[in-house]
Amino acid sequence: MSKYTKQDIMRLVEDEDIEFIRLQFTDMFGSLKNVAITASQVERALDNKCMFDGSSIEGFARIDESDMYLYPDLDTFEILPWRPQQGRVARLICDVYRPNGTPFEGDPRYVLKRALKEAADMGYSFNVGPECEFFLFHTDDEGRPTTITHEKASYFDMSPLDLGENARREIILNLEDMGFEIEASHHEVAPAQHEIDFRHTNALKAADNLMTFKLVVKTVAKRHGLFASFMPKPVYGVCGSGLHINMSLSKDGVNIFNDYSSPNGVSKEAYQFIAGIMDHVKGMTLISNPIVNSYKRLLPGYEAPIYIAWSEENRSPLIRIPAARGTNMRVELRSPDPAANPYLLLATCLAAGLDGIKRGLEAPKSVDSNLYDLTAEEMEALGIEAIPSNLSKACHYFEEDEFMKQVLGEHVHKKYLQEKRDEWNRFREQVTAWEIEEYLYKI
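A quick note: this is a predicted structure, and the numbers were derived from the prediction, not measured.

Definitions and limits used
Residues numbered from 1 in each chain as written. Predicted model: local features only at pLDDT ≥ 70, side-chain atom pairs only at ≥ 80, totals over all residues. Heavy atoms only, no water. Salt bridge = Lys/Arg side-chain N within 4 Å of Asp/Glu carboxyl O. Helix = DSSP H or I, 4+ residues; strand = E, 2+ residues; numbered from the N terminus. Buried < 20%, exposed > 50% of the residue type's maximum accessible area, 1.4 Å probe, protein only. Phe/Tyr/Trp six-rings, centres within 6.5 Å; stacked < 30°, edge-to-face > 60°. Lys NZ or Arg CZ within 6 Å of the ring centre and 35° of its normal. Patch = residues over 30% accessible without salt bridge, like charges linked within 9 Å, V, L, I, M, F, W, Y side chains within 5 Å. Areas by Shrake-Rupley, 256 points an atom, 1.4 Å probe, with all protein chains shown as cover.

## As for the pattern of salt bridges
Thinking step 1. Applying the stated criterion across every chain, the model contains 28 salt bridges.
Thinking step 2. With its nearest N and O atoms 2.7 Å apart, the salt bridge here joins Arg 109 to Asp 208. Of this pair, Arg 109 sits in helix α3 (residues 108-121) while Asp 208 sits in helix α5 (residues 203-223), and the two are 99 residues apart along the sequence.
Thinking step 3. Residue class for Arg 109 comes out buried when judged on its relative accessible area of 2%.
Thinking step 4. On the accessibility criterion, Asp 208 (6% relative accessible area) is buried.
Thinking step 5. A salt bridge links Asp 121 to Lys 117; its shortest N-O distance comes to 3.0 Å.

## Here we look at the packing of aromatic side chains
Thinking step 1. Counting across every chain of the model gives 16 aromatic pairs.
Thinking step 2. Relative to Phe 230, the ring of Phe 213 lies with its centre 6.1 Å away and its plane at 70°, an arrangement referred to as edge-to-face. With Phe 213 in helix α5 and Phe 230 in the loop between β11 (226-229) and β12 (243-251), this pair connects stretches of sequence that are 17 residues apart. Like Phe 230, Phe 213 is buried.
Thinking step 3. One aromatic cluster is present, formed by Phe 134, Phe 180, Phe 198, Phe 213 and Phe 230 through successive ring pairs.
Thinking step 4. Its guanidinium or amino end placed over the ring of Phe 230, Lys 214 lies 5.7 Å from that ring's centre, counting from NZ or CZ.
Thinking step 5. A cation sits over an aromatic face here: Lys 420 above Tyr 416, 5.8 Å from the ring centre.

## Details of a nonpolar patch on the surface
Thinking step 1. A contiguous nonpolar surface patch, about 310 Å² in accessible area, is contributed by Val 431, Ile 436 and Leu 440.
Thinking step 2. Its place among the elements puts Val 431 in the loop between α12 (410-429) and α13 (433-439).
Thinking step 3. Assessed through its relative accessible area of 60%, Val 431 is described here as exposed.

Here it is, written out as structure tokens:
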């Protein structure tokens, strides 16, 4: 059942003295975009009559088919709490449509909706609880971002060691004003690194929430004279930032990953879901870890998983089953990072897991030892492989996995792959400071 009607929103705009409405959407690579309208245009927007130039959005459309329309999702209406109380600003998250009234196949939100439709046809609903990490850095005298911090805090430290505590508290208060249910927050392992966890919800809302979360974090950080970065590995020698995805499937309101009759409370469907993700994870990696820098995080010794295995006992494998059972039973994918487009990420996770259920795949044996302590020979004996180690290899597996093309659609698959190959080639052309330091005086 919908939260708002068109009339509800028009009344709220008037009653709450809202002057501007931001019509938000996400491009193929996870950047939040918007078209701002005044209150006088709200009825036109709610009638799906707001148009924009799709050719200006990376990966969207050619110049000769550029007209796109924004269809607001009424249930995403929120007032931005950090804006002025007079002439307030609200937002609506939108789907992107073609002029003929059909969904645009390059809209990431549509890709996720399509995957959720497949799950619904199987009788399932998909619930997700993300854990998103980020850094809070200083800015320079001109307000430009740096990777400098004066902080020395580590995991679970508090003030006065945690210098970002006040900013994190204000972030949480703003998120709660926008309807988030915050479960926990804490300082992470690296200096200036933080995590805020919000309650699991249906996958579409979870993806919307992640986009909103990033906006709130960056906005509030700026108010504190800080810069919030979701870059996976902004600082050498410390842990990078992950985006752990906790997932469950429900049927008729019951979490089907839970099975009280099994010895460890885990259902057959949960194992099949895990097996499906493991089967497709190499092809998925370009979505879950989408930039050159993503692979600087995926190295042994920095708590990021790189081996295709699962466990109930430890956090070194790719997939973990946390201890909670009953309604909180879930499967945690630990490899993604915050650079990922959440709509495409959740679509591929869901589709891969459902493929495991449909094909009746069996998960391999749980690996309950620390994978970082195993030798290459021991890994080979156990049949454990690693996910792609750089963006180029991720592009290769993404292209080779026909399943990814089915999930994302030909438009997204082709455009995404093309851009990521271009990104890798641009990186290869660079001469880095490390190379100069390492080689210049020797050769």
